[in-house]
Amino acid sequence: MTIAPTISTARLTLRQPEAGDFPAYAGYCASDRARFVGGPFDAVKAFEKLAAMAGHWVLRGFGRYIIEHKGAPVGHVGPLALESGQDPEMTWTLWNETSEGKGIAKEASAAVLDHLLQDAQWAGLISRVDAQNTPSRRLAESLGATLTDEAAPSWMPTAVTYRFLKVGV
Amino acid sequence: MPQKTIPILETKRLILRGPEPEDYPNFKATFASYRSRFMGGPLNAYETWMLYAAEIGHWNIRGYGMWMIHDKNTDETLGMAGGWFPAKWPEREIAWIIWPDKAGHGYALEATHAVRRYFYHDLGWDGAVSYIDPKNLDSIRLAERLGATKDKSAPSVDGHDVVYRHPSPEALASSQIGDAIEMEISHYADPMFKPKGYALD
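Predicted model, so just to flag it, every value in this text is computed and none were measured. (Residues numbered from 1 in each chain as written. Chains lettered and ligands numbered in written order. Predicted model: local features only at pLDDT ≥ 70, side-chain atom pairs only at ≥ 80, totals over all residues. Heavy atoms only, no water.)

**Comments concerning empty space enclosed by the protein**
Counted by the stated rule, this structure contains one cavity of 30 Å³ or more. Roughly 40 Å³ of internal volume is contained in the largest cavity. A52, M53, H56, G63, R64 and L80 of chain A together with M50 of chain B are the residues that line the largest cavity. (1 Å grid on protein atoms, 1.4 Å probe; cavity = no way out; pocket = protein on both sides within 12 Å on 5 of 7 lines; lining within 4 Å. Points joined across faces, edges and corners; volume = space filled by probe spheres on them.)

Structure, rendered in structure tokens:
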């Protein structure tokens, strides 16, 4: 089935990337918060990454959503598939610490997982989280992911791998 | 997919369409090769895929971007041409790349001439530049065949590349360069003779 281009939750709108997201996204890319994903990144790289987030939707038919809270973009969430034959990776990121502690990442991730695993009946997703990234690991577990003993990929040697499975099988 | 509709441009021998998923293997082959050395390559698999996704996403973010160049008869891809303007780029750039085994037929000239006309006439651009590695002689020669001239006073992207400034829409309309480009393209399309020893795009 077609993956929804936008998803609404009680407090959030999840939608595809737009030009207006760039300043806030570039701020995140330049910050220490990007250290778990290979950053920080400069503005040129940030532009390429945001453009790639938009292009992913065209290439794969699904992709990551920008999380809009009270009319402002505060993060991104959703599935990423760099290789077409593998289980997509579920990701969630808040761009600013002022957005933390409000359940935004959980509300956004739960809505996306619900859509992918229940509505679209995807078989499963993985999540790679830096072993030291305790808040993200807690979130994965609270979303129902199980920790696997899968080895870390070469490009993210300190990651642990979680797995989300289809609901109701 | 709520994607900006990418216009289709047609020339005598070519059809230019937005980059599509099935075109990726051709893009990948070139960007994994030495041919891409002046465009930041060769790239690994991850970087290549992300760049291709970014080429497409550039259209969503800027409303313009790079087209995939197809042979009008066979539909095979020949390279890419279009506009490129990431954050912090000094000016809007007109860029092109031709797959290594498709060089020498004037495809880049024909495609770039068409995209520049689209930017000038349809989008109202008042000019553009091309940022070229000083060792990329084929591209420098193409910029000059398009009527662009070196602009030493303009800021470059990284201090290493050379800025070629394209003629303005007015300059292009009121000089012989436009006619000369059309004539050169027609010679490629229907050659009376082929110059030897020239690696032209």
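**Considering the pattern of salt bridges**
Residues and elements named next belong to chain A. Considering all chains together, one arrives at 21 salt bridges over all chains under this definition. Here R15 ties to E18 by a salt bridge, and the two come within 3.9 Å at their closest N and O atoms. Of the residues examined, R15 reaches a relative accessible area of 8% and is grouped as buried. For E18, a relative accessible area of 41% corresponds to the partly exposed category. (Salt bridge = Lys/Arg side-chain N within 4 Å of Asp/Glu carboxyl O. Buried < 20%, exposed > 50% of the residue type's maximum accessible area, 1.4 Å probe, protein only.)

**Remarks on the nonpolar core**
Ranked by internal contacts, the top residues of the largest apolar core, which has 43 residues, are F22, Y25 and L50 of chain A together with F27, Y52 and M80 of chain B. At nine residues, the largest contribution of residues to this core is made by helix α2 (residues 43–60) of chain A. Among residues more than four places away in sequence, those in contact with F27 of chain B are T48, L51, Y52, E55, M80 and W99 of chain B. (Core = buried A, V, L, I, M, F, W, Y, C linked by side-chain atoms within 4.5 Å. Helix = DSSP H or I, 4+ residues; strand = E, 2+ residues; numbered from the N terminus. Contact = heavy atoms within 4.5 Å.)

**So, the packing of aromatic side chains**
The description of two aromatic rings rests on the distance between their centres and on the angle between their planes. Here the structure, examined in full by the defined rule, presents 18 aromatic pairs over all chains. Pairing F22 of chain A with F47 of chain A gives two aromatic rings, centres 6.0 Å apart and planes at 65°, and the pair type is edge-to-face. A residue pair is termed long-range when its members are at least 10 positions apart, and F22 of chain A in helix α1 (residues 22–30) and F47 of chain A in helix α2 qualify at 25 residues. Exposure remark for F22 of chain A: the relative accessible area of 17% places this residue in the buried category. For the ring pair W92 of chain A and F164 of chain A, a centre distance of 6.4 Å and an interplane angle of 85° mean the geometry is edge-to-face. Of the two residues, W92 of chain A is situated in strand β5 (residues 89–94) and F164 of chain A in strand β8 (residues 159–165); the sequence distance between them amounts to 72 residues. F164 of chain A matches W92 of chain A in its accessibility class, with the two residues each being buried. Taken together, the ring pairs connect W59, Y64, W67, Y118, F119 and W125 of chain B into an aromatic cluster. Across from the ring centre of F41 of chain A, 4.4 Å away, lies the NZ or CZ of K49 of chain A, which sits over that ring. (Phe/Tyr/Trp six-rings, centres within 6.5 Å; stacked < 30°, edge-to-face > 60°. Lys NZ or Arg CZ within 6 Å of the ring centre and 35° of its normal.)

**A look at the interface of chain B and chain A**
Facing 22 residues of chain B, the contacting portion of chain A comprises 21 residues. Across the chain B/chain A interface, buried area totals approximately 2000 Å², and carbon plus sulfur atoms make up 82% of it. At the boundary of chain B with chain A, the tally comes to zero salt bridges. Where chain B meets chain A, there are zero residue pairs in polar contact (both at pLDDT 80 or more). A per-class count over the side of chain B that touches chain A returns 16 nonpolar, four polar and two charged. (Buried area = accessible area lost by both parts, 1.4 Å probe. Polar contact = N/O pair within 3.5 Å; in protein donor to acceptor, adjacent residues only side chain to side chain. Nonpolar A, V, L, I, M, F, W, Y, C, P; charged D, E, K, R; others polar.)

**So, the pairing of strand β8 (residues 162–165) of chain B**
All names here are of chain B. Where strand β6 (residues 129–132) lies against β8, four bridges are found, and the strand directions are antiparallel. Bridge pairing in β8 links V129 to R165. One ladder, built from two bridges, connects strand β7 (residues 149–150) with β8; its direction is antiparallel. By the bridge assignment for β8, T149 is matched with R165. (Pairing = 2+ DSSP bridges.)

**A short note on the packing of α2 of chain A against helix α2 (residues 45–62) of chain B**
One way to put it is that α2 of chain A packs onto α2 of chain B with a least axis distance of 5 Å and a crossing angle of 95°. In terms of axis orientation, α2 of chain A runs roughly perpendicular to α2 of chain B. Taking contact as the criterion, the partners of F47, E48, L50, A51, A52, A54, G55, H56, V58, L59 and R60 of chain A in α2 of chain A are, on α2 of chain B, W49, M50, L51, Y52, A53, A54, I56, G57, H58, N60, I61 and R62 of chain B. Classifying every residue of the contact of α2 of chain A with α2 of chain B gives 15 nonpolar, five polar and three charged. (Axes fitted to C-alpha atoms, helices over the stretch in contact; angles between N-to-C directions. Parallel < 35°, antiparallel > 145°, perpendicular 65-115°, else oblique.)

**Overview of the environment of T98 of chain A**
All names here are of chain A. Within the secondary structure, T98 is located in the loop between β5 and α3 (104–119). Looking at T98, the relative accessible area reads 55%, which means it is exposed. Once the C-alpha coordinates of T98 and L147 are considered, the two residues, 49 residues apart in sequence, prove to be 28 Å apart.

**Remarks on the layout of surface pockets**
Roughly 990 Å³ of volume is contained in the second largest pocket. Of all the secondary-structure elements, those providing two or more residues to the lining of the second largest pocket are α2 of chain A together with α2, β5 (93–98) and β6 of chain B.

**Concerning unusual backbone geometry**
Residues G39 of chain A and P40 of chain A are joined by a peptide bond in cis, for which omega reads 0°. In this structure, P40 of chain A sits in the loop between α1 and α2. Positive phi, normally seen in glycine, also occurs at K70 of chain A, with a value near 50°. Among the secondary structure elements, K70 of chain A is positioned in the loop between β3 (65–69) and β4 (72–80). Residue classification places K70 of chain A among the exposed positions, given a relative accessible area of 76%. Even without glycine at this site, D75 of chain B takes up a positive phi of about 70°. With respect to the helices and strands, D75 of chain B occurs in the loop between β3 (66–71) and β4 (77–84).

By themselves, these figures tell us nothing about what the structure is for.
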